[in-house]
Amino acid sequence: MGVLHLVNRSPGETQALAQCLDRAGEGDAILLMQSGVYAAMKHSALASRMEQSIRKVNIHVLAPDLAARGIAAEEVMKGIELISYEGFVNLSISHGPILSWN
Amino acid sequence: MKFAIQINSAPWESQACETAYQFSRASLTMGHEIVRIFFYYEGAYNGLRWMSPPDDENPLIRRWSELANEHGVDLTICISAAQRRGLLEQSEAKRLGKSDNDLAEGFRIAGLGLWVDACLKADRLLVFGA
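Below or above, wherever it landed, is the structure these notes cover. Nothing here was measured: the structure is a model prediction, and the numbers come from that model.

Thresholds applied
Residues numbered from 1 in each chain as written. Chains lettered and ligands numbered in written order. Predicted model: local features only at pLDDT ≥ 70, side-chain atom pairs only at ≥ 80, totals over all residues. Pairing = 2+ DSSP bridges. Helix = DSSP H or I, 4+ residues; strand = E, 2+ residues; numbered from the N terminus. Axes fitted to C-alpha atoms, helices over the stretch in contact; angles between N-to-C directions. Contact = placed C-beta atoms within 7 Å. Nonpolar A, V, L, I, M, F, W, Y, C, P; charged D, E, K, R; others polar.

Concerning the sheet that holds strand β3 (residues 75–78) of chain B
Residues and elements named next belong to chain B. Spatially, five strands are ordered β4-β3-β2-β1-β5 in an open sheet, and the strand pairing comes out parallel. Edge positions in the sheet fall to β4 (107–110) and β5 (124–128), since each has one partner strand and no second. Taken over all neighbouring pairs, the strand axes of this sheet differ in orientation by 25° on average, direction set aside. Relative to β3, strand β2 (residues 33–39) runs parallel, the two being bridged by three bridges. Its bridge partner lying in β3, F38 is registered against T76.

So, in structure tokens, the structure goes:
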């Protein structure tokens, strides 16, 4: 079973996402939430590394947190899936363990 | 599926507590079980009865208590984190010669052993807040 990585900081704030992308392997999932959702935008600071990771890791973004920051779905990088809290729960069931990156 | 949740942030510090709450609500609505929510470090403040944030912010303190009432969720605050912050339940306050009961409805204070217990009983562990 793949690991679920939770990333809640923007790429400009901490190294959380960069370290998570280094660590995440085939079959893992990443959920961007809280200020972590900024990394889901096209042309974000880590966009090229995100594009590489999308090929092997399933990347998701928490839709209510995107909306709360005024980011439209069209601004999200191709290959990243928008999910609800129910989707978050389902990811926690289909993956394990769950790691929080700060 | 059984979840154990650890919260390490105060409600005003970041969005972590809100995310933990929304996750908890969603999982209960979907028919899953929350073995325990364990409040650790700054997370201890979540159970402080005297918090009085503005009503139009839909205070989390009220919603945690509702969650405990409606679903019997076990809201446990780490005893050493609580005491360090002066957050005392009635018997402990009395023992220390103080008169408060600082715990909001639905919360209790216990040792770290109960987090270990939750980890053993749950299928998944989630940690919110630095």
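The discussion continues.
Some words on the interface of chain B and chain A
Facing 16 residues of chain B, the contacting portion of chain A comprises 14 residues. Of all the secondary-structure elements, those providing two or more residues to the side of chain B that touches chain A are α1 (16–29) and β5 of chain B. Broken down by element, the residue count for the side of chain B that touches chain A peaks at six residues, all from α1 of chain B. Residues that form the side of chain B that touches chain A fall into these classes: ten nonpolar, five polar and one charged.

Structural measurements only, silent on function.
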